[in-house]
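# Observations on chain architecture
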Amino acid sequence: MSSNIPKMKCLIIDDEPLARFHLKELADQVEFLSVEGTCATALEADAKVKENEIDLLFLDINMPYLSGLEFLEQLENPPLCILTTAYSEYALEGFRLQVADYLLKPIAFNRFYQAVNKAQQQFIINEKLRKNTPLDDPFLYVRQSDTFVKVSWVDILYIESMQNYTKLHFKDKSLIIHQTMKAIEESLPSEHFFRIHKSFLINITHIDMISGGRLFINKTELPISRTRKEELLNQVVYKKLISK
C-alpha cells in the first residue's frame, strides 16, 4: 500500500461477543486496518460514527432495537461497509445500500481478506477524490454489438485471451469483447491487475490460493507461467505474507 494512503479506521458492530472478538482478531492481521472500537448495538455505534472519523464498518444485520440495515440506511454519509451475517437472504438489500461486500458467518480469513481488499480499493479511490489527485476510473465501458455495457474493474475476477477477443469473468457472469489482451491490460490499473500467463490477466484482489503452478480465483483454476510466478510472489504475496 502506498505510504500516502492512511490506514482504514474500522468499527466492528455485532451483538455477539465472540463474533466481535473473531472479527477484531481477523482485522488485526491486516496491516492497512486499524480497529477503532467494537459495539454491541447499532445505537451504540451510531454515536461512535458521529463522534469519530470511521472509514469502514463491519456490520451485523440481526441486532436488537435497530438492525444493521436500518442503521446503515439512516446514516447521512455512511462509511464503507462490509455486512457480516449468518443469513444470506439479506444480500440483495445489502447491495442496494451499496455495501463493499457481504460476508457469511462463520468467516474464514481468506474471504475476509478478499472483502477488505475490495473495500480498500474503494477507499483509495475516495481518498484520491478527496485530495483531487489523479484517479484510476473504476468504471469501463465494453462494447457488445451496438450496445455499451458499463462495468467496474473492481468486480472483474480475471480476463481470458481468445486471440482477437477477450473474455471478462465476473462472479456471476462473463462478457466477450472484441479487444486484444494487450489493449485491455493497458486500460486497467497496473497495481491491481497482474498478467500470470499469456492468456490470463487477473485482479489480484480476488486471488483465493496459489499452489504450485496454479492459481485459484472463485473456485476456478488458472495456470501461472514459470517466469511470472516468481514476480507474482515477490510483488503481491510476500509483501502480505503473515506466516513465514
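Reading the values: rules and limits
Residues numbered from 1 in each chain as written. Predicted model: local features only at pLDDT ≥ 70, side-chain atom pairs only at ≥ 80, totals over all residues. Heavy atoms only, no water. Helix = DSSP H or I, 4+ residues; strand = E, 2+ residues; numbered from the N terminus. Rg over C-alpha atoms; globule rule 2.2 N^0.38 Å. Buried < 20%, exposed > 50% of the residue type's maximum accessible area, 1.4 Å probe, protein only. Contact = heavy atoms within 4.5 Å. Areas by Shrake-Rupley, 256 points an atom, 1.4 Å probe, with all protein chains shown as cover. Lys, Arg positive; Asp, Glu negative; His and termini not counted. Charge placed at Lys NZ, Arg CZ, Asp CG, Glu CD. Pairing = 2+ DSSP bridges. Axes fitted to C-alpha atoms, helices over the stretch in contact; angles between N-to-C directions.

Per an unreviewed UniProt entry, the protein is named LytTR family transcriptional regulator, and its organism is Chryseobacterium gallinarum.

## A few points about the overall build of the protein
Each helix and strand counted, the protein has 7 helices and 15 strands in total. In terms of overall size, the protein behaves like a compact globule, its C-alpha atoms giving a radius of gyration of 19 Å where 244 residues would be expected to give roughly 18 Å. For the protein, the spread of C-alpha atoms along the principal axes amounts to about 55 × 50 × 35 Å. When the 244 residues of the protein are sorted by exposure, 43% land in the buried category. When contacts within the protein are restricted to residue pairs at least 6 apart in sequence, long-range pairs at least 24 apart make up 51% of them. A total accessible area of about 13,700 Å² is found for the protein, and carbon and sulfur atoms account for 50% of it. Measuring between centres, the 29 positive side-chain charges of the protein sit 8 Å from its 33 negative side-chain charges.

## Things to note about the sheet that holds strand β14 (residues 214–217)
Backbone-to-backbone hydrogen bonds join strands into a sheet, with any given pair of strands oriented parallel or antiparallel. On the basis of which strands lie adjacent, the open sheet formed by 3 strands has the order β13-β14-β15 and antiparallel pairing. Here the strands that pair on one side only, and so sit at the sheet edges, are β13 (209–211) and β15 (220–223). Neighbour to neighbour, the strand axes of the sheet diverge by 25° on average, direction disregarded. Where β14 and β15 come together, 4 bridges link them in antiparallel fashion. Residue L215 lies in a different strand from β15, and its bridge partner there is L222.

## Brief notes about the environment of K219
Mapped onto the fold, K219 is located in the loop between β14 and β15. Of the residues examined, K219 reaches a relative accessible area of 84% and is grouped as exposed. Between the alpha carbons of K219 and A108 there is a distance of 15 Å; along the sequence they are 111 residues apart.

## A closer look at the side chain of T166
Here T166 shows up in strand β9 (residues 165–169). A relative accessible area of 0% means that T166 is categorised as buried. When residues no more than four places from it in sequence are discounted, the contact partners of T166 are I159, E160, S161, L175, I176, I177, Q179, T180, M181 and I184.

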